[in-house]
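A structural walkthrough
Each chain is listed here by its residues.
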Amino acid sequence: MTAECGKSRLEVAKERLQAISSAFNFHHSFIEILKTVIGVESESENSDEESGNEDSTKEDANINLSDNEPETDKAVISMDGIANKVCLHNFETLQYMMGRPEFKVARKYNAKALDIVPDNFNALWNNVYILISQCDSSDDDTLTEAEKVLHRLETVIAKDKKLMLIAKAEVASMHTILKANLDRLLSSVTLYEEILDELQEFSKQSLSDIENLVLIWKQDLVQNYARLTYGHKHERAIAMASDIVKELDHHPTIFDKDKARLWVNLAVIIQHCVPRYERQFDYSNIELSEFPTSEHCYRKAMKLDPENPRIFMQAGREQRKRAKTVPGLEEAVEWLEKAMEGEGMETVKEYLLHHIGLANQSLWQLTDNPEYRNIEDDYKFRKNSHNDNGPRLGSRVIKPPNHPLDFIQIPPPYKKLHKSTQWRFFNPIVRDINNRYYLRAIQCFEEAIRIGLEKCLYLTHLARLRSSALDLVKAGECLLEAEKEVLSDMVSPDAVGVSLYEYIGYHEETLMMQKGFEHKHAEKIKSFYRESIRQSTHNSWKPVVAFHHLLRILYKQLEDERGFDCDRDRMIAQDEYFLLYMAIQEAKDPRDILQTLTTTAPKIDLISRLIQAFHERNEEFDAEAGFTYFSVLAVFRKMKKIKIGAENNDVETKRILLELAERVARQRIEQPRYLRKEYRILYELIGEEAHQRELNSSSLDCKLAKLQEMKMKIVMTIIFPTMTVGCIRSMEQC
């Protein structure tokens, strides 16, 4: 081929190849993503280790079943079959082509792919890329070969639309071979959805030659939906997955164990999505009764694959959550214990013990008829709701005053916690200390603590059981140990830190009310409830008790004016009270209280006043309080609407934020609780800043500016920690 428009043959070949990729956005986008990923990895000293971790992520997120496949001609091509081999060879080729290229290795994998399927789009594209990347304009033989492959590639594109569907499906699968994150999972799901939509253009007969591939694509899509719903909502997930699973359940060529995998994935999707249907989207045109329940899905899976212990683990976990009767909970325990006896379940034994313990805890509450005691009964308020000079119960607050009010003018808390929340959170008092379910629950949690890694969660549950026996000393020891565990302050699917600090606050409040309300102790309790609220800004679990109890403590403080040293202290308590009062008043669902903290200008003004007041007063718990409300504003993107400091500008706001964060870091260093690395880094930067000021070099201003920038980046990391979406924990694989 001669050069066109003065361009060399090599330039023309490169342009043709680039045009082909650009014409198919799914291919071009993935190439760009892969270049970025490989580029980042190549800069790391541990790139080999990271690559290994990425390979395992795909494997970990899959449902792990037995490798023993029955030998039958009717079996569908599995994920280890021809289609997947071609996809993997193409992915491996791309890995060695991009970043720091190793074309010799890339050619080896490319040859393997072309040997299996000579007309594969991705393999042919890779082949051309390798050829033109290894030659120059004078290498006529290589250029001629590249032009021949380009011609074949263009022929494939024009020959059959189904070949391009196969290419798109391979790229969809490649997205999930990379380490899971939200964008890659969404890209994979979107491509699979497009493929299934495009298949509607073909007749059933015309798809007979790729029927097995279509089955694989549908199974992949259901699996990706399951991974995606760990930390993300997706509008089509439940409807699409339900239709696919019902269809494939009757397909004669799919193994029972693969059908079981589909039902488990559907159960996971339903567990995560059904509550969101009512809360996040308008699905008035969809009846939830159209979809099976998660319990139905697990029972189907257990019937299809009765020897898989991980299915029994998942089913037992879900049954434990939903069962309200003794037989239902005992069935959950039976499934969980059967799972624990299964082969290879040692790695998740702590997880199984945790859920067996919770099931036995529920069985104890059903069989022992324990006494439920509400701590609210210990609070005795001056009645002002029926006084002619005061507000009536349930008075609506629109814009609180910016001056102290007499207690009689402050509306009392009126919204009560729902009974289900009280039943879940408050400690029932054990009647029969020898109740077998109660003793078995303690035994399970103690063993989980002894062998497990997620001790924080188990210690919290054990503390609750100790409190039920009125052993508050041992309960406090458990909570102190729980604070030292890493899960006490991190983003996790269980949001352990949120519930931990909510319960620590409740435990301390119980201790305080045994002796009588005391202002100083109340300040400590408020700090625990605020910490639960702060952690909930970056976790999916939202506290309810923390808001209601914090509101009640503030009201009690406002009732006793002798507890305040000055009007400023009273004003801080009053502003925080009205902020929480209005948020609870506005929230239609208790789980939405956090979100309603910043929905109106008066509440944002209150938060601004509180942050500035906490910063100026600077008492023991003020820095954490100010930082909590800063976190709320930042998470809901309201930082630009606040007015803090004398200058009321961004510079002043950032200065106060940094100072509050630095105070928190100094306090955390000295506390016995778990210390996140970000706080340690921030503390070290504070020390470095002090050192630079002592040196007082000529470039001091430049160094201080750089340190300020580094500190602000760390503070933002504390406020916005990340959780990888789609990474199913090993204990939740099935």
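Look up: the structure comes first, before these words.
Below is a short write-up of the structure. (Residues numbered from 1 in each chain as written. Predicted model: local features only at pLDDT ≥ 70, side-chain atom pairs only at ≥ 80, totals over all residues. Heavy atoms only, no water.)

Counting its regular elements, the protein chain contains 30 helices and two strands. By the burial criterion, 54% of the 734 residues in the protein chain qualify as buried. When contacts within the protein chain are restricted to residue pairs at least 6 apart in sequence, long-range pairs at least 24 apart make up 73% of them. (Helix = DSSP H or I, 4+ residues; strand = E, 2+ residues; numbered from the N terminus. Buried < 20%, exposed > 50% of the residue type's maximum accessible area, 1.4 Å probe, protein only. Contact = heavy atoms within 4.5 Å.)

Summarising the element assignment, Asp 575 is placed in helix 24 (residues 567-586). With relative accessibility at 4%, the residue Asp 575 sits in the buried group. There is a polar contact of 2.8 Å between the side chain of Asp 575 and the side chain of Arg 609. With near-sequence residues (within four places) excluded, Asp 575 lies in contact with Pro 401, Leu 606, Arg 609 and Leu 610. (Polar contact = N/O pair within 3.5 Å; in protein donor to acceptor, adjacent residues only side chain to side chain.)

With that settled, consider the environment of Leu 459. Among the secondary structure elements, Leu 459 is positioned in helix 19 (residues 455-468). What Leu 459 contacts, discounting residues up to four positions off in sequence, is Ile 449, Cys 478, Glu 481, Ala 482 and Glu 485.

Here we take up the pattern of salt bridges. Tallied over the entire structure, the rule returns 47 salt bridges. Here Arg 450 makes a salt bridge to Glu 447, at a shortest N to O gap of 3.9 Å. Linking Arg 450 with Glu 447, this pair stays in helix 18 (residues 436-451), spanning three residues, or about one helical turn. A salt bridge links Arg 673 to Glu 531; its shortest N-O distance comes to 3.1 Å. You can see Arg 673 sitting in the loop between helix 28 (650-670) and helix 29 (677-695) and its partner Glu 531 sitting in helix 22 (residues 519-536), a full 142 residues away along the chain. (Salt bridge = Lys/Arg side-chain N within 4 Å of Asp/Glu carboxyl O.)

End to end, helix 14 (residues 309-322) covers 20 Å across 14 residues, agreeing with the expected 20 Å (1.5 Å per residue, within 8%). In terms of burial, helix 14 is largely enclosed, as 12 of its 14 residues are buried. For helix 14, the N-terminal cap is Asn 308; the gap from its side-chain oxygen to the backbone nitrogen of Arg 310 is 3.0 Å. (Expected span 1.5 Å × (residues − 1).)

Looking now at the environment of Glu 509. Here Glu 509 is to be found in helix 21 (residues 496-515). Residues Glu 509 and Ile 525, spaced 16 residues apart in sequence, show a C-alpha to C-alpha distance of 6.4 Å. Filtering out sequence-adjacent residues up to four positions away, Glu 509 remains in contact with Ile 375, Tyr 379, Ile 525, Tyr 529, His 549, Arg 552 and Ile 553. Within the structure, Glu 509 has its side chain in polar contact with the side chain of Tyr 529 (distance 2.6 Å).

Attention now goes to the nonpolar core. Within the largest apolar cluster, 210 residues are counted, with the highest numbers of intra-cluster contacts made by Trp 217, Ile 269, Tyr 577, Ile 611 and Phe 627. Excluding residues within four positions of it along the chain, Tyr 577 makes contact with Ile 410, Pro 411, Pro 412, Pro 413, Leu 551, Leu 554, Tyr 555 and Leu 558. (Core = buried A, V, L, I, M, F, W, Y, C linked by side-chain atoms within 4.5 Å.)

Where helix 1 (residues 9-23) meets helix 7 (residues 140-159), the closest approach of the two axes is 11 Å, and the angle between their N-to-C directions is 25°. Our classification of the angle between helix 1 and helix 7 gives roughly parallel. For the element pair helix 1 and helix 7, the recorded crossing hand is left-handed. Residues Arg 9, Leu 10, Ala 13, Arg 16, Leu 17 and Ile 20 of helix 1 form the contact with helix 7, whose participating residues are Asp 140, Leu 143, Thr 144, Glu 147, Leu 150, His 151, Leu 153, Glu 154 and Ile 157. (Axes fitted to C-alpha atoms, helices over the stretch in contact; angles between N-to-C directions. Parallel < 35°, antiparallel > 145°, perpendicular 65-115°, else oblique. Left-handed = near helix turned anticlockwise from the far one by under 90°.)

With that out of the way, let us pick up the side chain of Thr 176. Tracing the backbone through its elements, the reader meets Thr 176 in helix 8 (residues 161-177). Assessed through its relative accessible area of 3%, Thr 176 is described here as buried. Here the side chain of Thr 176 touches Ser 173 through a polar contact of 2.8 Å, landing on its backbone oxygen.

Such coordinate-based values are descriptive only and should not be taken to indicate function.
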